[in-house]
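# Observations on the model geometry
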Amino acid sequence: MTVPAIIFEQIERVAATPSKKDKQALLSEALSDPRSGGLLKALLFWCYSSSHRYGIKFVEPKTTPGGVLTAEDGQFWAVLTGLSERQLTGNAARESIARLMEQLDEPSAELFRRFVHKDMRAGFTEATLNKIIPKWIKEPAYMRCSLINDVKLDKGE
């Protein structure tokens with residue numbers, strides 16, 4: 001079993017678990033796995049970090065079977081870096097993604113889709129990841145608005 005297949009299986013196991021504490025325990029266990037922990041950590045950071053945006057709204061699921069590339073290959077990361085740094089945009093980005101999806105194996109292709117959509121579809125967020133590794137991923141600030149009745153304004157101005 002390839003490392004991306006192990007990671008995909010771990011993510012699916014987290015998705016099937018309803019309890020947030022159990023999800024956190026499974027993620028903690030997966031991140032400490034010597035076989036896949038390093039790649040999973042990189043994938044989760046690039047997926048949930050607000051500093052990485054890909055400019056793509058939707059990636060079609062892989063329809064053709066097979067593929068030899070995995071999430072460990074340089075081409076996978078080259079496309080993600082190109083999207084994140086805005087070197088690949090528009091039709092060039094769509095074509096690069098389509099070529100990559102044809103060459104990826106099924107687990108890596110599904111991880112790539114979820115990755116670009118910025119959601120692993122497993123019921124956790126960066127807050128859950130920050131409980132495992134404190135201050136790992138910057139969380140967006142809470143921007144609170146107050147009701148006009150609660151604001152003390154000087155009437156003289």
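Cut-off values and rules
Residues numbered from 1 in each chain as written. Predicted model: local features only at pLDDT ≥ 70, side-chain atom pairs only at ≥ 80, totals over all residues. Heavy atoms only, no water. Helix = DSSP H or I, 4+ residues; strand = E, 2+ residues; numbered from the N terminus. Buried < 20%, exposed > 50% of the residue type's maximum accessible area, 1.4 Å probe, protein only. Contact = heavy atoms within 4.5 Å. Phe/Tyr/Trp six-rings, centres within 6.5 Å; stacked < 30°, edge-to-face > 60°. Expected span 1.5 Å × (residues − 1). Arc of directions from axis to C-beta. 1 Å grid on protein atoms, 1.4 Å probe; cavity = no way out; pocket = protein on both sides within 12 Å on 5 of 7 lines; lining within 4 Å. Points joined across faces, edges and corners; volume = space filled by probe spheres on them. Nonpolar A, V, L, I, M, F, W, Y, C, P; charged D, E, K, R; others polar. Core = buried A, V, L, I, M, F, W, Y, C linked by side-chain atoms within 4.5 Å.

### What about the overall build of the protein?
Across its full length, the protein holds seven helices and zero strands. Secondary structure of the protein in N-to-C order comes out as α-α-α-α-α-α-α. Taking the principal axes of the C-alpha coordinates as reference, the protein spans close to 70 × 40 × 25 Å. Residue burial in the protein is summarised as follows: out of 157 residues, 43% are buried. Residue pairs in contact within the protein that sit at least 24 positions apart in sequence constitute 76% of those at least 6 positions apart.

### As for the packing of aromatic side chains
Inspection of the entire model under this criterion finds eight aromatic pairs. Pairing Trp-77 with Phe-115 gives two aromatic rings, centres 6.1 Å apart and planes at 90°, and the pair type is edge-to-face. Of this pair, Trp-77 sits in helix 4 (residues 74-84) while Phe-115 sits in helix 6 (residues 106-116), and the two are 38 residues apart along the sequence. The pair formed by Trp-77 and Phe-115 is uniform in burial state, with each residue classed as buried.

### As for helix 2 (residues 20-31)
For helix 2, which comprises 12 residues, the first-to-last C-alpha distance of 16 Å matches the rise-based estimate of 16 Å (1.5 Å per residue) to within 8%. Looking at helix 2, one finds that the buried residues are Lys-23, Leu-26, Leu-27, Ala-30 and Leu-31. What you see down the axis of helix 2 is that its buried residues fit within an arc of 130°, all on one side. Considering only its buried residues, helix 2 is in contact with helix 1 (3-15), helix 3 (37-48) and helix 7 (126-132).

### Overview of helix 3
Taking 1.5 Å as the rise per residue, helix 3 with 12 residues should run 16 Å; its terminal C-alpha atoms sit 16 Å apart, in good agreement. Within helix 3, the full set of buried residues consists of Gly-37, Leu-39, Leu-40, Leu-43, Leu-44, Trp-46, Cys-47 and Tyr-48. Where helix 3 is buried, its residues contact helix 1, helix 2, helix 4, helix 6 and helix 7.

### Here we look at the environment of Ile-56
Locating Ile-56 in the fold gives a position in the loop between helix 3 and helix 4. Residue classification places Ile-56 among the buried residues on the basis of a relative accessible area of 17%. On a C-alpha basis, the gap between Ile-56 and Gly-90 in space is 8.7 Å, while along the polypeptide they are 34 residues apart. Leaving out residues up to four positions away in the same chain, Ile-56 has contacts with Leu-83, Ala-93, Ile-97 and Val-116.

### Structural notes on the layout of surface pockets
Considered as a void within the structure, the largest pocket measures approximately 360 Å³ in volume. As for the largest pocket, its lining consists of 21 residues, and the residues nearest its centre are Val-59, Glu-60, Arg-94, Ile-97 and Ala-98. It is helix 5 (residues 90-103) that contributes the most residues to the lining of the largest pocket, seven residues altogether. Residues belonging to the lining of the largest pocket are distributed by class as follows: 11 nonpolar, five polar and five charged.

### A look at the nonpolar core
Counting 43 residues, the largest nonpolar core has Leu-44, Leu-80, Leu-83, Phe-112, Phe-115, Met-120 and Phe-124 as its most contacted members. Sorting the residues of this core by element identifies helix 1, helix 2, helix 3, helix 4, helix 5, helix 6 and helix 7 as the ones contributing at least two each. Take this core: its biggest share by element is seven residues, from helix 3. Once you skip the residues sitting within four places of it in the chain, Phe-115 turns out to touch Leu-43, Trp-46, Cys-47, Tyr-54, Trp-77, Leu-80 and Met-120.

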